[in-house]
Amino acid sequence: MSKKTLITGGCGFIGSHIVEFFHSQNHDIKVLDKYNHSNSLGWLDNYKFRNDIEFCMGDIRDYDFVKSSANNSRNIIHLAALIGIPYSYISPLAYLKTNIEGTYNILQASKNLTYINDIIVTSTSEVYGSGKIFPMTEDHSLNAQSPYSATKISADSISLSFYRSYDLPITILRPFNNYGPRQSNRAIIPTIISQFFNENKYIEVGNINTTRDFTYVSDTVSAFFKILGKKKYGEIFNVSSGFDISIEEVIKKVSKIVRIEKKIKKIKNRIRPSKSEVTRLLGDSKKFIKLTKWSPKINFDDGLTKTIDWIKSSKINLKNSSRYIV
Ligand SMILES: NC(=O)c1ccc[n+]([C@@H]2O[C@H](COP(=O)([O-])OP(=O)(O)OC[C@H]3O[C@@H](n4cnc5c(N)ncnc54)[C@H](O)[C@@H]3O)[C@@H](O)[C@H]2O)c1
C-alpha cells in the first residue's frame with residue numbers, strides 16, 4: 001500500500017483547502033478530524049473527490065486513535081486545533097488538551113514510523129504577542145497573551161524537543177492571520193463582511209486600531225506544499241504577506257467593495273482584556289521565501305472580493321454574525 005499524506009484538521013478552513021490542492025497534485029491523502037454523530041466531513045462534505053480520501057474520524061486527544069491513524073503516513077501536516085482566542089479565555093483546559101496533548105500524540109505516534117519524510121506542525125503568529133520589532137522574524141520574542149497562544153507556544157516547543165531528542169523530521173510553519181472562503185464566521189474578516197449584509201445598522205467590533213498581517217488561504221496552502229521535501233528539520237518559518245492593516249481600514253475596504261455604508265460600534269465583549277490584546281502583527285517571511293521562492297499571489301483587495309463573493313453565495317447565516325472576534 002502506498003504511503004499517504006496525513007492532514008489533521010483536514011475538514012476545517014485551511015485544512016480543506018490543503019486537502020483539495022494536495023489531491024490535485026496527486027498526493028494520496030488521509031484526513032484526521034473530529035468525529036461527529038452526523039458523520040459530517042466539514043468542508044469536505046461536498047468535495048468531488050472525497051471518495052479518493054481516507055477519513056479517520058475520531059479525536060486528536062485520543063492517543064490510540066492517533067497512533068492507528070498515523071500509520072502508513074509519508075508526510076504529516078498537523079493543523080487540528082482549537083483556534084478561537086475568546087473561547088480560550090473560557091475553556092483553557094480544552095485548548096491545552098487539544099493543542100498540546102493533540103500535538104504530543106501526533107509526535108509520539110510518529111516516533112516508530114521510520115518511513116516518515118516530513119512532519120509539518122502549524123504554529124501561529126499569536127505566539128509572538130504584540131510585535132516589538134517590525135517586521136517580525138522567527139527570532140522575535142514569544143509572549144503568551146492568551147491561553148490559545150500559550151498552547152501553541154507549548155506545541156511548538158514540544159515539537160522542537162522531539163526533533164532534538166528523537167531526530168523526528170519536524171518543521172514548524174508559522175502562518176500569520178489567514179482569510180478566505182470557508183473561514184469561520186467568528187474570525188475577524190468574515191465577521192465584518194457578514195455584518196454588512198445583516199439587518200443591523202452597525203458593524204459591531206472590538207478594538208479597531210489593532211493591525212494584522214493577512215494572507216489569503218490559497219497562498220498559505222502553497223506554503224505548506226512548498227515546505228515538503230525541503231528537510232529543514234527543527235526550524236521555524238513565518239508565512240506572512242509582509243503588510244499589515246488596521247481593523248478600521250479593513251472595514252472601510254469592505255464597505256467600499258460592497259457599496260454599503262454602516263457605522264462602526266465598539267462592543268465591550270468583543271474587546272480582549274487589555275494585557276491580552278495583540279496590538280500589531282507584521283511578519284517577515286524572508287527566511288521562507290529564500291528557501292522556497294514562495295510569494296503571496298493574491299493581493300488584499302482581490303482576496304477580500306473573493307471572500308465577499310463566497311460569503312454572499314454560500315448559505316451561511318448572515319443574520320447570525322458571531323459575537324466573538326478571533
Ligand atoms: N485561521 C488562521 O488565521 C490561522 C492563522 C495561523 C495559524 N492557524 C492554525 O492553523 C490551523 C488550522 O486552523 P483553521 O483556521 O483551519 O481552523 P479550523 O477550526 O477551521 O480547523 C481546525 C480543525 O481541527 C479540527 N479539530 C479540532 N479539535 C479536534 C479534535 N479534538 N480532534 C480532531 N480534530 C479536531 C476541527 O474539527 C477543524 O476541522 C490551526 O492549528 C491554527 O492554530 C490558523
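Owing to the predicted nature of the structure, the values given are computational and were not obtained by experimental measurement. (Residues numbered from 1 in each chain as written. Predicted model: local features only at pLDDT ≥ 70, side-chain atom pairs only at ≥ 80, totals over all residues. Heavy atoms only, no water.)

As for the nonpolar core
Link 1 in the chain: Within the largest apolar cluster, 27 residues are counted, with the highest numbers of intra-cluster contacts made by Ile-18, Val-19, Ile-77, Leu-173, Phe-224 and Phe-288.
Link 2 in the chain: Contributing elements (two or more residues each) for this core: helix H1 (13-24), strand E2 (29-34), helix H7 (217-227) and strand E11 (236-239).
Link 3 in the chain: Each residue touching Leu-173, except ones within four places of it in the same chain, is listed here: Ile-120, Val-121, Thr-122, Ser-123, Ala-223, Phe-224, Ile-227, Phe-237, Val-239 and Phe-288. (Core = buried A, V, L, I, M, F, W, Y, C linked by side-chain atoms within 4.5 Å. Buried < 20%, exposed > 50% of the residue type's maximum accessible area, 1.4 Å probe, protein only. Helix = DSSP H or I, 4+ residues; strand = E, 2+ residues; numbered from the N terminus. Contact = heavy atoms within 4.5 Å.)

Details of the confidence of the model for the protein
Link 1 in the chain: Here the protein shows a mean pLDDT of 96. Residues at 70 or above account for 96%.
Link 2 in the chain: The model gives residues 321-326 a pLDDT under 50, and that stretch makes 32 contacts with residues more than four places away or in other chains. (pLDDT = per-residue confidence, 0-100.)

Comments concerning the domain arrangement of the protein
Link 1 in the chain: Per the domain assignment, the segments of the protein are domain 1 (4-178 + 215-239) and domain 2 (184-212 + 243-281 + 298-320).
Link 2 in the chain: The C-alpha-based centres of domain 1 and domain 2 are spaced at 26 Å.
Link 3 in the chain: Counting residues at the interface gives 18 residues for domain 1 and 16 residues for domain 2.
Link 4 in the chain: Per-residue buried area on domain 1 facing domain 2 is highest for Tyr-89, Gln-145 and Tyr-216; these three make up 32% of the total on that side.
Link 5 in the chain: Counting across the domain 1 and domain 2 interface gives 1 salt bridge.
Link 6 in the chain: Of the charged contacts in the structure, one is a salt bridge between Arg-272 and Glu-126, with a shortest N-O distance of 3.4 Å.
Link 7 in the chain: Across the contact surface, domain 1 and domain 2 share 9 residue pairs in polar contact (both at pLDDT 80 or more). (Domains from an automatic or database assignment. Buried area = accessible area lost by both parts, 1.4 Å probe. Salt bridge = Lys/Arg side-chain N within 4 Å of Asp/Glu carboxyl O. Polar contact = N/O pair within 3.5 Å; in protein donor to acceptor, adjacent residues only side chain to side chain.)

What about the site of the ligand?
Link 1 in the chain: For the ligand, the set of nearby residues contains 25 residues, the closest of which are Asp-33, Leu-79, Tyr-148, Lys-152 and Asn-178.
Link 2 in the chain: Backbone polar atom of Ala-81 to an oxygen atom of the ligand: 3.4 Å apart, as the coordinates give it.
Link 3 in the chain: In isolation the ligand offers 820 Å² of accessible surface; the protein chains occlude 87% of this area.
Link 4 in the chain: Elements that contribute at least two residues to the shell around the ligand include exactly H1, E2 and helix H5 (147-166).
Link 5 in the chain: Here the residues of the shell around the ligand are counted per class, giving 11 nonpolar, 9 polar and 5 charged. (Near = heavy atom within 4 Å. Areas by Shrake-Rupley, 256 points an atom, 1.4 Å probe, with all protein chains shown as cover. Nonpolar A, V, L, I, M, F, W, Y, C, P; charged D, E, K, R; others polar.)

Re the sheet that holds strand E3 (residues 54-58)
Link 1 in the chain: Reading across the sheet, the 7 strands line up as E3-E2-E1-E4-E5-E6-E11 and stay open at both edges, with parallel pairing between neighbours. In this open sheet, the two edge strands, each paired with only one partner strand, are E3 and E11. Direction aside, neighbouring strands of the sheet carry axes that sit 20 degrees apart on average.
Link 2 in the chain: Bridge count between E2 and E3: 5 bridges; the pairing is parallel. (Pairing = 2+ DSSP bridges. Axes fitted to C-alpha atoms, helices over the stretch in contact; angles between N-to-C directions.)

Examining the packing of aromatic side chains
Link 1 in the chain: The full count for this structure, using the stated rule, is 15 aromatic pairs.
Link 2 in the chain: On the basis of an interplanar angle of 85 degrees and a centroid distance of 6.0 Å, the ring pair of Tyr-179 and Phe-214 is categorised as edge-to-face. Placement of the pair is Tyr-179 in strand E7 (residues 178-179) and Phe-214 in the loop between strand E9 (211-212) and strand E10 (215-216), with a sequence separation of 35 residues.
Link 3 in the chain: Owing to a relative accessible area of 1%, Tyr-179 belongs among the buried residues under this scheme.
Link 4 in the chain: Its relative accessible area of 2% is what places Phe-214 among the buried residues.
Link 5 in the chain: Taken together through their ring pairs, the aromatic side chains of Tyr-179, Phe-214, Tyr-216, Phe-243 and Phe-300 make up a single cluster.
Link 6 in the chain: The positively charged end of Lys-111 is found above the aromatic ring belonging to Tyr-166, 3.8 Å away from the centroid. (Phe/Tyr/Trp six-rings, centres within 6.5 Å; stacked < 30°, edge-to-face > 60°. Lys NZ or Arg CZ within 6 Å of the ring centre and 35° of its normal.)

Some thoughts on the environment of Ile-29
Link 1 in the chain: Mapped onto the elements, Ile-29 comes out in strand E2.
Link 2 in the chain: Taking the C-alpha atoms as reference points, Ile-29 and Ser-165, 136 residues apart in sequence, are found 28 Å from one another.
Link 3 in the chain: If sequence neighbours within four positions are ignored, Ile-29 has contacts with Lys-4, Thr-5, Ile-7, Val-19, Phe-22, His-23, Asp-52, Ile-53 and Glu-54.

Structural notes on the pairing of strand E8 (residues 202-205)
Link 1 in the chain: Only one face of E8 is buried, namely the one carrying Ile-203 and Val-205, since none of Tyr-202 and Glu-204 on the opposite face is buried.
Link 2 in the chain: Here 4 bridges tie E8 to strand E13 (residues 263-266), and the two strands are oriented parallel to one another. Counterpart to Val-205 in the pairing with E13 is Lys-266.

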